[in-house]
Amino acid sequence: IERALGGLHGTSDFPLALGDVVNRELLRAFEAADAGVLRAGRKVGARDFRALRRLKVGEAPALKKVGEHGEFTRGTIDEAQESFKLETYGRVFGITRQALVNDDLGAFEDLPRRFGIEARELESQIVVDLLTANAGGGAKMSDNKNLFHADHGNLAAAGATLSVASLGAARAAMRLQKGLSGRVVNFTPKFLIVPAALETTAEQLLTQIAATKTADVNPFVDRLELIVDPRLDAASATRWYVVADPTRYDGLEYAHLDTDNGPVTDTRAGFDVDGVEMKVRLDYGAGFVEHRSWYANPGA
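Attention in this report is confined to the structure presented alongside it.

The rules behind these values
Residue indices begin from 1 for each chain and proceed along its sequence in written order. With the structure being a predicted model, the display of local features is reserved for residues of pLDDT at least 70 and the display and counting of side-chain atom pairs for 80 or more, all residues being used for whole-chain, interface and lining totals. Note that the side-chain values use all heavy atoms of the structure and ignore hydrogens as well as water. Stacked, edge-to-face and tilted labels apply to pairs of Phe, Tyr and Trp rings (six-membered ring for Trp) whose centres lie within 6.5 Å, assigned for plane angles under 30 degrees, over 60, and everything in between, in that order. In this scheme, Lys NZ or Arg CZ marks a charge over a ring once it lies within 6 Å of the ring centre and within 35 degrees of the ring normal. The nonpolar core is taken to be a set of buried Ala, Val, Leu, Ile, Met, Phe, Trp, Tyr and Cys residues, with the residues joined through side-chain atoms within 4.5 Å. Burial classes: relative accessible area under 20% of the type maximum marks a residue as buried, over 50% as exposed, and values in between as partly exposed (1.4 Å probe, protein chains only). Secondary structure elements are defined from DSSP: runs of H or I of at least 4 residues count as helices, runs of E of at least 2 residues count as strands, and each element is numbered from the N terminus. The criterion used for residue contact is that any of the two residues' heavy atoms lie within 4.5 Å.

1. Concerning the packing of aromatic side chains
Enumeration according to the criterion identifies four aromatic pairs in this entry. Positioned above the aromatic ring of phenylalanine 191 is the side chain of lysine 190, whose terminal nitrogen or guanidinium carbon lies 5.5 Å from the ring centre.

This is the structure we're talking about:
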């Protein structure tokens, strides 16, 4: 193992081969870890660390009636812009020579798995922090207003517990959202996001029951997918969200550097560490590029 780690006459391929194993274990754990709120976002690519700018284009101007001798009038298309950028996160850890000797390359298998889970946890926590910033109002948008704001039409006027009625109000508010040109855009909800404290209530609300009268029919069965994220509880155990389909509508976006697809590792024979040193790096960024596809209710 000492010879494999590299001697006087150069560095062996052993650290590189070991690094491949570590990277596979890390990515496997990263992809399997619970993404939470990230499920309601759209993954995009980033070529570099410059700001990712998302241009929002309004609806086409309405067609106007033109008389027999009338003139065609000109129309305009409104636009706005949101942006976010990648940041780099990482740590270095070492696998000692003794661990390699004693466990025949098995000692490090759990550590990369833990780093993979930690990378996914970091990604999800960054989004939760954006969602719960400003006392629950969410991150600041380009208009200098919180993501959830009365002027954005995506914040309940008063907190309410989860029920068919409060979900109905959330759905109506989302459908009645207006685009940049003031026209109704008719977004449709896909996800219901709740903290762990509301998981049972949400499951009961979205479960099919045999209704004996029209008033008892649950219109949200098979229409909303439930996302439970316990990271939300620290900010509020009552606040819940309704989100439109990210594959159809802009909303939450997150990105890795195009050359990667998540966390990556670099490996070298250690000098300070008698063994192999591993560096885990994650280039990642997230941001809300549209407020109309997200709705929040503070709960009761």
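Now, onward.
2. Some points on the nonpolar core
Val37, Leu131, Ile193, Tyr284 and Trp294 are the most contacted members of the largest nonpolar core, which totals 27 residues. Broken down by secondary-structure element, the contributors of at least two residues to this core are α3 (110-132), β5 (189-194), β7 (240-244), β8 (252-257), β10 (275-288) and β11 (294-297). Element by element, the count of residues in this core is highest for α3, at five residues. In contact with tyrosine 284, other than residues within four places in its own chain, are Leu38, Lys85, Leu86, Glu87, Tyr89, Glu123, Ile126, Val127, Tyr254, Ala255 and His256. If you look at the next biggest cluster of nonpolar residues, it comprises 19 residues, including Ala156, Ala170, Leu192 and Ala202.

3. Side note on the environment of alanine 197
Inspection of the secondary structure puts alanine 197 in the loop between β5 and α5 (199-205). Overall, the relative accessible area of 48% leaves alanine 197 in the partly exposed class. Separated by 31 residues in the primary sequence, alanine 197 and valine 228 place their C-alpha atoms 9.1 Å from one another. For alanine 197, the residues in contact, after removing those within four places along its chain, are Asp233 and Ala237.

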